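# Summary of structural features
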Amino acid sequence: MKPLPAQGSPEEARDLRGHLQVYDLHASYGPIQALRGATLECAPGEFVAVIGPNGAGKSTLLRAILGLLPHRGEVLLDGRSLRALPTENRVRCGLALVPERRQLFDTLSVLDNLLLSGFGRGLSRPRMEERLRLVFSLFPVLAERQRALARSLSGGQQQMLAIGRALMSEPCVLLMDEPLLGLAPLIVSELLGLLRRLCVQGLSVVLVEQNARAALSVADRAYVLERGRIVQSGPARDLQADPAVQRAYLGGPPEPEASSGRES
């Protein structure tokens, strides 16, 4: 993704690359079948949320899309099949993962964590510097602490670094696995706002998240994954209003407002 002006519109983003299509995806851990024919789509510049209970297969879905475990089914990026490609080639095509619990190189500096991602992608020096400027503009605190060890950062700063590291590979689709886990509400709001702006600039985001309320509040579209299957999908706003989704993931429907006066 190239940095675009902040005033870009979602309609402009639709012309960019980053169209992810997943069809009938199956994946297993030994005898345990974790995905059972999952199908979903993320259009260019779209923010898609995947919610569901623990053990539903949400993390497995992202790992299979990236080719980190054997799977059956089809993964298309901009109409090109990734089925036969190993993980490193899927990354070169434009996929990037922000893994659960960040998985940073704790004993390396902020800068070295970012540079390693760029080197792994095979970026030239000018492109590497361009990506660093982008990441530091998105996360000024990382620029201020670029010589600090990753383990010395706060939880929110570590999550910023994990996102920045993924952005170093010039992705067109960002896959995010539980990025809000353990973060303060203010940091959650800041990160979701940032991801929303990146979508406006053309990045496609697939967010797997246990915090269904937060995920649905910013997503364009959402899927509900249960026992390895997509059981519901639609505009995020519609799922927010769905009584079944409210009962299962949002703490129940809102209480009706009390009457302000007696009926005559």
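What comes next is a walk through the structure. Source: prediction; values computed, not measured. (Residues numbered from 1 in each chain as written. Predicted model: local features only at pLDDT ≥ 70, side-chain atom pairs only at ≥ 80, totals over all residues. Heavy atoms only, no water.)

## Some words on the sheet that holds strand β7 (residues 173-177)
Read across the sheet, six strands follow the order β6-β7-β8-β3-β9-β10 without closing on themselves; strand pairing throughout is mixed. This sheet does not close on itself; its edge strands, each paired only once, are β6 (95-98) and β10 (229-235). Direction aside, neighbouring strands of the sheet carry axes that sit 15° apart on average. As defined by bridge partners, β7 adjoins strand β8 (residues 204-208) across five bridges and the pair is classed as parallel. Residue pairing in the sheet places D177 in a bridge with V208 of β8. Of the strands in this sheet, β3 (47-51), β6, β7, β8 and β9 (221-226) touch helix α2 (residues 58-65), which is tilted by about 150° from β7. (Pairing = 2+ DSSP bridges. Helix = DSSP H or I, 4+ residues; strand = E, 2+ residues; numbered from the N terminus. Axes fitted to C-alpha atoms, helices over the stretch in contact; angles between N-to-C directions. Contact = heavy atoms within 4.5 Å.)

## Some remarks on the nonpolar core
If you look at the biggest cluster of nonpolar residues, it comprises 52 residues, and the most contacted ones within it are L142 and L174. Sorting elements by how many residues they give to this core places helix α8 (residues 185-200) first, with seven residues. When near neighbours in sequence (up to four residues on either side) are disregarded, L142 contacts V110, V135, F136, L153, Q157, M160 and L161. A27, L35, L61 and V206 belong to the second largest nonpolar core, which has 30 residues in total. (Core = buried A, V, L, I, M, F, W, Y, C linked by side-chain atoms within 4.5 Å. Buried < 20%, exposed > 50% of the residue type's maximum accessible area, 1.4 Å probe, protein only.)

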